[in-house]
Amino acid sequence: MMKTLFGATVGLGAMAVATSAFAADLPMKRAYTKAPPAVMATVYDWSGFYVGFNAGGGSSRDCWNLVSNAGVAVNPAANREGCSGGGGAAVGGQVGYRYQMANWVFGAEAQGDWANFQGTNRNLILPNVSDRSRTNAFGLFTGQIGYSVDNILGYFKGGAAVVSDRYDTFTTGTNVMLDRANTTRWGATIGAGLEYGFAPNWSVGVEYDHIFLGNKNLNFVAAAGQPAMTHRIKQDVDIGLVKLNYKFGPGFGMMH
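Parameters at a glance
- Residues numbered from 1 in each chain as written.
- Predicted model: local features only at pLDDT ≥ 70, side-chain atom pairs only at ≥ 80, totals over all residues.
- Heavy atoms only, no water.
- Phe/Tyr/Trp six-rings, centres within 6.5 Å; stacked < 30°, edge-to-face > 60°.
- Helix = DSSP H or I, 4+ residues; strand = E, 2+ residues; numbered from the N terminus.
- Buried < 20%, exposed > 50% of the residue type's maximum accessible area, 1.4 Å probe, protein only.
- Lys NZ or Arg CZ within 6 Å of the ring centre and 35° of its normal.
- 1 Å grid on protein atoms, 1.4 Å probe; cavity = no way out; pocket = protein on both sides within 12 Å on 5 of 7 lines; lining within 4 Å.
- Points joined across faces, edges and corners; volume = space filled by probe spheres on them.
- Nonpolar A, V, L, I, M, F, W, Y, C, P; charged D, E, K, R; others polar.
- Pairing = 2+ DSSP bridges.
- Salt bridge = Lys/Arg side-chain N within 4 Å of Asp/Glu carboxyl O.

### Examining the packing of aromatic side chains
At step 1: Going through the model one piece at a time under the given rule, you end up with nine aromatic pairs.
At step 2: Between Trp104 and Tyr147 the ring centres are 5.0 Å apart and the planes differ by 75 degrees, which places this aromatic pair in the edge-to-face class. Of this pair, Trp104 sits in strand β5 (residues 104–122) while Tyr147 sits in strand β6 (residues 129–149), placing them 43 residues apart in sequence.
At step 3: Overall, Trp104 belongs to the partly exposed group, its relative accessible area being 44%.
At step 4: A relative accessible area of 40% means that Tyr147 is categorised as partly exposed.
At step 5: Connected via pairs of aromatic rings, a cluster forms that spans Trp64, Tyr167 and Phe220.
At step 6: Stacked on the ring of Tyr50, the Lys or Arg Arg98 has its end atom at 4.7 Å from the ring centre.
At step 7: Sitting above the plane of the Tyr155 ring, Arg98 keeps its charged end 5.6 Å from the centroid.

### Quick word on empty space enclosed by the protein
At step 1: As enumerated under the stated definition, the model contains one cavity of 30 Å³ or more in all.
At step 2: The volume enclosed by the largest cavity comes to roughly 50 Å³.
At step 3: As for the largest cavity, its lining consists of Tyr44, Trp46, Tyr50, Arg98, Glu195, Asn201, Trp202, Ser203, Asn245, Tyr246 and Lys247.
At step 4: For the lining of the largest cavity, the elements supplying multiple residues, two or more each, are β9 (202–222) and β10 (227–247).
At step 5: Here the lining of the largest cavity takes three residues from β10, the largest share from any one element.
At step 6: Broken down by class, the residue content of the lining of the largest cavity amounts to five nonpolar, three polar and three charged.

### Observations concerning the pairing of β6
At step 1: Summarising the sheet, β5 and β6 pair through 17 bridges and their orientation is antiparallel. Along β6, the bridge assignment pairs Asp113 with Phe138.
At step 2: From the end of β5 to the start of β6, which pair antiparallel, there are six residues.
At step 3: As defined by bridge partners, β6 adjoins strand β7 (residues 152–171) across 20 bridges and the pair is classed as antiparallel. Bridge pairing links Val149 to Ile152 in β7.

### Examining the pairing of β7
At step 1: Counting the residues between successive antiparallel strands, the hairpin from β6 to β7 contains two residues, one of them, Asp150, with a positive phi of roughly 60 degrees.
At step 2: Direction of pairing for β7 relative to strand β8 (residues 177–199): antiparallel, over a ladder of 19 bridges. Note that in β8 the partner of Asp165 across the bridge is Thr183.
At step 3: If you look at the hairpin formed by β7 and β8, you'll find five residues sitting between the two strands, and Asn175 has a positive phi there, around 60 degrees.

### Examining the pattern of salt bridges
At step 1: This structure, assessed with the given rule, holds nine salt bridges.
At step 2: The residue Asp168 makes a salt bridge to Arg166 at a minimum N-O spacing of 3.9 Å.
At step 3: Relative accessible area serves as the criterion here: at 3%, Asp168 is assigned to the buried category.
At step 4: A relative accessible area of 25% means that Arg166 is categorised as partly exposed.
At step 5: Between Lys234 and Asp236 there is a salt bridge whose closest N-O contact spans 2.9 Å.
At step 6: By relative accessible area, which is 37% here, Lys234 ends up partly exposed.

Structure, rendered in structure tokens:
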């Protein structure tokens, strides 16, 4: 009986040793590890409504041609009175909306500015008379297309423009006003800008605009109120502005 029990014990021990040796030869099971989360990059989002403030300066080039004098028509091409290139300050505001698709940004903007672009030239037909041109305000209604690299946006713009002008003539020596005309002129504008998003909802940029206004015949009125000369005036305006914008909604988005 003891021999039998001893033999069984020895057999079980040998089997256990063999099983352990076989298990040691098996490859170890790899521990499960959770995949790391996807990396998310933060990029500036240009989409949304915005309002802003702008300030800068510009110049208006106005070329005068005499069309009629006291009701008597003349040839404007033979009666060039000269050109002025007056400059001054501008300040105003803008409101707009932008929509971003990948790196492309599309938008629309309305802008209005007070201005003081003023210039004077000596009349080439009447040397004792000077012509003064003054731009008092302008508005721009434009569409935009731009390309962004994160928080830097470059864009082109174009559309319609409206300008408020005042013209007058005065004696060169005594500065006595002879006649004047006020007008609102519509034309076209093109421009370009570069903008930098320096905070989630704030951006600052620089912009250049050119306004094409073409020729317009203006009937001047003397100081006493009676009709005076008619002048054909061609006008172009150049503007440089610094713009500060606040955009409503998130300023940053997430992407893989």
